[in-house]
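Secondary and tertiary structure notes
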Amino acid sequence: MMPCYQLPISQMRRFGLALMLPVTLLGAFVLPTQVLTATAQTSQANRPLTIRADVQEYDAKNQVITARGNVQMLYPARQIQATSAQAQYFSKERRIDFSGNVYILQQGGNSIRAEKVTYLIDEGRFVALPQSNRQVESIYMIQESDNNGQTATPAPQTPAFKRSN
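Residues numbered from 1 in each chain as written. Predicted model: local features only at pLDDT ≥ 70, side-chain atom pairs only at ≥ 80, totals over all residues. Heavy atoms only, no water.

So, the nonpolar core
Counting residues in hydrophobic clusters, the biggest one holds 18 residues, and the most contacted among them are Met 73, Ile 96, Phe 98, Ile 104, Val 117 and Tyr 119. Elements with a contribution of two residues or more to this core: β3 (64-75), β4 (80-90), β5 (95-106) and β6 (111-120). Beyond its immediate stretch of four places on either side in the chain, Met 73 contacts Leu 49, Thr 50, Ile 51, Ile 80, Gln 81, Ala 82, Ile 96 and Phe 98. (Core = buried A, V, L, I, M, F, W, Y, C linked by side-chain atoms within 4.5 Å. Buried < 20%, exposed > 50% of the residue type's maximum accessible area, 1.4 Å probe, protein only. Helix = DSSP H or I, 4+ residues; strand = E, 2+ residues; numbered from the N terminus. Contact = heavy atoms within 4.5 Å.)

Structure below.
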């Protein structure tokens, strides 16, 4: 048999095509299965954000969902529950705006009460605004312990809190 570099070009092309055909067919059968598997795994990883309300509207052009009246949101992936009079989910910006007697509860007991709250999904950050002449109320559950795992000394007594709302 002749070395490859001495074969005429037409024979080299036929030899190349003979190798390419099985590789191409194998790729056609193997690759779609792998792509479908990856897509299925990605879709299983997504967790739903559920919004219930008296009325809901969807603006397809701007990709905004507006929910009004007795709004309840459940976002298990972030362990968040929320209630408000209105909520808007801006899917392009990945932001949720709540307004009207907003109450947000996170697993572990942390909570926020405000008139308006914006939740920035990618940052995991809340921005809360009160009604005029009122304040935002947040409750954070903090477990205190010293280096040996024992409960730390209780904090000193503070003056009584005077509610503004």
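Quick word on the side chain of Ser 111
The residue Ser 111 is located in strand β6 in this model. Taking relative accessible area as the criterion, Ser 111 reaches 8% and is therefore assigned buried. The contacts of Ser 111, once residues within four sequence positions are left out, are Tyr 103, Ile 104, Leu 105, Glu 137, Ser 138 and Ile 139.

With respect to the pairing of strand β7 (residues 125-129)
In this structure, β6 lies alongside β7, joined through 5 bridges in antiparallel fashion. Residue pairing across strands places Thr 118 opposite Val 127, the latter belonging to β7. In sequence, β6 turns back onto β7 through a hairpin of 4 residues, with Gly 124 there showing a positive phi of about 65°. (Pairing = 2+ DSSP bridges.)

Describing the pairing of β3
Sheet topology note: the strand β1 (residues 50-52)/β3 ladder contains 3 bridges and is antiparallel. When the bridges of β3 are listed, Thr 50 appears paired with Leu 74. Across 5 bridges, strand β2 (residues 55-59) lies against β3 in antiparallel orientation. Within β3, the position partnered with Val 55 by the bridge is Arg 68. Counting the residues that bridge the hairpin from β2 to β3 gives 4 residues, and of these Gln 63 lies at a positive phi of roughly 55°.

Regarding the packing of aromatic side chains
Inspection of the entire model under this criterion finds 1 aromatic pair. The residue whose ring lies beneath Arg 95 is Phe 90, and the NZ or CZ to ring-centre distance is 4.0 Å. (Phe/Tyr/Trp six-rings, centres within 6.5 Å; stacked < 30°, edge-to-face > 60°. Lys NZ or Arg CZ within 6 Å of the ring centre and 35° of its normal.)

Examining the side chain of Ser 84
Summarising the element assignment, Ser 84 is placed in strand β4. Side-chain polar atoms of Ser 84 contact the backbone oxygen of Gln 86, separated by 2.9 Å. Setting aside residues up to four positions removed in sequence, Ser 84 forms contacts with Asn 70, Val 71, Phe 98, Ser 99, Gly 100, Asn 101 and Val 102. (Polar contact = N/O pair within 3.5 Å; in protein donor to acceptor, adjacent residues only side chain to side chain.)

Some thoughts on the pattern of salt bridges
The full count for this structure, using the stated rule, is 4 salt bridges. The partner of Arg 94 in a salt bridge is Asp 122, with the nearest N and O atoms 2.6 Å apart. With Arg 94 in the loop between β4 and β5 and Asp 122 in the loop between β6 and β7, the pair connects residues that are 28 residues apart, well separated along the chain. Judged by relative accessible area, which is 33%, Arg 94 ranks as partly exposed. One salt bridge connects Asp 97 with Arg 95, and the closest N-O pair in it is separated by 3.1 Å. Look at Arg 95 and you get partly exposed, because its relative accessible area is 22%. (Salt bridge = Lys/Arg side-chain N within 4 Å of Asp/Glu carboxyl O.)

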